[in-house]
Amino acid sequence: MKREDYISWDEYFMGVAVLAAKRSKDPNTQVGACIVNKSKRILSTGYNGFPYGCSDDTFSWDREGEDTKYQYVVHAELNAILNAHGKSLEGSRLYVDLFPCNECAKAIIQSGITEVVYLYDKYADEPETIASKKMLNAAGVRTTQLNLHRDTITIDFNRNK
Ligand SMILES: O=c1[nH]c(=O)n([C@H]2C[C@H](O)[C@@H](COP(=O)(O)O)O2)cc1CO
Ligand SMILES: [Zn+2]
């Protein structure tokens, strides 16, 4: 008989997004994304970080002041889209832990992604998030908040020792 405590597709894809977020060097908010096609194949992943060549150790991770991370950071969603390297994302789904901003919404819409699945929306009151929802709605991109039945999945590298 098959085991019953396997993870669902949603847990798997959001789990991949959350694992990608663990690569982020942002001290305040780590975001991960995972793009999946209609056949449930993972096309790409991404997390928020600076562009190639822009060192995490020399560019600023500050949130305030003249030189902030906001000038440099590539958002997780955009990185996932760019990491697909021109593969068609038509009709695909984007799993991301944080609801996408307006700039990511533009890229999501233009790349043909038709659904955004997210976990939380901590910047819901910001103008960027309101604009994002306005655009995603207008373009017919579905937005679905995931309500998972478990809070954690443990990754144990020693489980078969
Ligand atoms: O859609 C997003 N995707 C994404 O990757 N981010 C990143 C940019 C920043 O590195 C971080 C937000 O930083 P903070 O919460 O400190 O303002 O999350 C931020 C948003 C905004 O919602
Ligand atoms: Zn964004």
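Here the structure is shown first, and the text comes after it.
Calculation criteria
Residues numbered from 1 in each chain as written. Chains lettered and ligands numbered in written order. Predicted model: local features only at pLDDT ≥ 70, side-chain atom pairs only at ≥ 80, totals over all residues. Heavy atoms only, no water. Helix = DSSP H or I, 4+ residues; strand = E, 2+ residues; numbered from the N terminus. Rg over C-alpha atoms; globule rule 2.2 N^0.38 Å. Buried < 20%, exposed > 50% of the residue type's maximum accessible area, 1.4 Å probe, protein only. Contact = heavy atoms within 4.5 Å. Areas by Shrake-Rupley, 256 points an atom, 1.4 Å probe, with all protein chains shown as cover. Lys, Arg positive; Asp, Glu negative; His and termini not counted. Charge placed at Lys NZ, Arg CZ, Asp CG, Glu CD. Donors = N, O, S within 2.8 Å, 3.2 Å for Na, K, Ca; no water. Core = buried A, V, L, I, M, F, W, Y, C linked by side-chain atoms within 4.5 Å. Near = heavy atom within 4 Å. Polar contact = N/O pair within 3.5 Å; in protein donor to acceptor, adjacent residues only side chain to side chain. Nonpolar A, V, L, I, M, F, W, Y, C, P; charged D, E, K, R; others polar. Pairing = 2+ DSSP bridges. Axes fitted to C-alpha atoms, helices over the stretch in contact; angles between N-to-C directions.

*Asks:* Quick question: what am I supposed to make of the overall build of the protein here?
*Replies:* Each helix and strand in the protein was counted, giving 4 helices and 5 strands. For the protein, the α and β elements follow one another from N to C terminus as α-β-β-α-β-α-β-α-β. Its C-alpha atoms give the protein a radius of gyration of 16 Å, near enough to 15 Å, the size a compact globule of 161 residues would have. Taking the principal axes of the C-alpha coordinates as reference, the protein spans close to 60 × 40 × 30 Å. Counting over 161 residues, the protein shows a buried share of 39%. Taking contacts inside the protein between residues at least 6 apart in sequence as the whole, the part at least 24 apart equals 62%. As presented, the protein carries roughly 10,300 Å² of accessible surface, and 50% of it is formed by carbon and sulfur atoms. A gap of 9 Å separates the mean positions of the 20 positive and 22 negative side-chain charges of the protein.

*Asks:* How do you make sense of the coordination of the zinc ion (ligand 2) when you look at a structure like this?
*Replies:* Each angle at a metal carrying four tetrahedral donors should ideally be 109.5 degrees, and each at a metal carrying six octahedral donors should ideally be 90 or 180 degrees. Every protein donor of the zinc ion (ligand 2) is listed here as His75 (ND1), Cys101 (SG) and Cys104 (SG), and their distances to the metal cover 2.0 to 2.3 Å. As a motif over one chain, the donors of the zinc ion (ligand 2) read H-x25-C-x2-C. Of this pair, His75 sits in the loop between strand E2 (42-47) and helix H2 (76-83) while Cys101 sits in the loop between strand E3 (93-98) and helix H3 (102-110), placing them 26 residues apart in sequence. Among the residues examined, His75 registers a relative accessible area of 31% and is labelled partly exposed. Cys101 gets classed as buried once you look at its relative accessible area, which sits at 14%.

*Asks:* Would you explain the nonpolar core in this entry?
*Replies:* Proteins that are soluble and globular tend to have nonpolar side chains buried together. Counting 23 residues, the largest nonpolar core has Ile35, Ile81, Leu89, Leu94, Val96, Ile108 and Ile113 as the members making the most contacts within it. Breaking this core down by element, the ones donating at least two residues are strand E1 (32-36), H2, E3, H3 and strand E4 (115-120). Top element by residues in this core is H3. It accounts for 4 residues. If you look at the next biggest cluster of nonpolar residues, it comprises 8 residues, including Phe13, Cys34, Tyr95 and Val117.

*Asks:* Can you help me understand the site of ligand 1 in this one?
*Replies:* Every one of the 18 residues lining ligand 1 counts as a neighbour, but Asp26, Asn28, Thr29, Tyr70 and Tyr123 are closest to it. One of the side-chain N or O atoms of Thr29 is found 2.5 Å from an oxygen atom in ligand 1. Taking Asn48, its side chain carries an N or O atom lying 2.8 Å from an oxygen atom of ligand 1. Here ligand 1 loses 94% of its free accessible area of 500 Å² to cover by the protein chains. Partitioned by chemical class, the residues of the shell around ligand 1 number 9 nonpolar, 4 polar and 5 charged.

*Asks:* What should I look at first to understand the sheet that holds strand E5 (residues 142-145) in this one?
*Replies:* Hydrogen bonds between backbone atoms are what pair the strands of a sheet, whose relative direction is either parallel or antiparallel. With respect to topology, 5 strands assemble into an open sheet ordered E2-E1-E3-E4-E5, the strand pairing being mixed. Two strands lie at the open edges of the sheet, namely E2 and E5, each paired on one side alone. Recorded for the sheet is a direction-independent mean angle of 20 degrees between the axes of neighbouring strands. Relative to E4, E3 runs parallel, the two sharing 5 bridges.

Read these as spatial facts, not as claims about activity.
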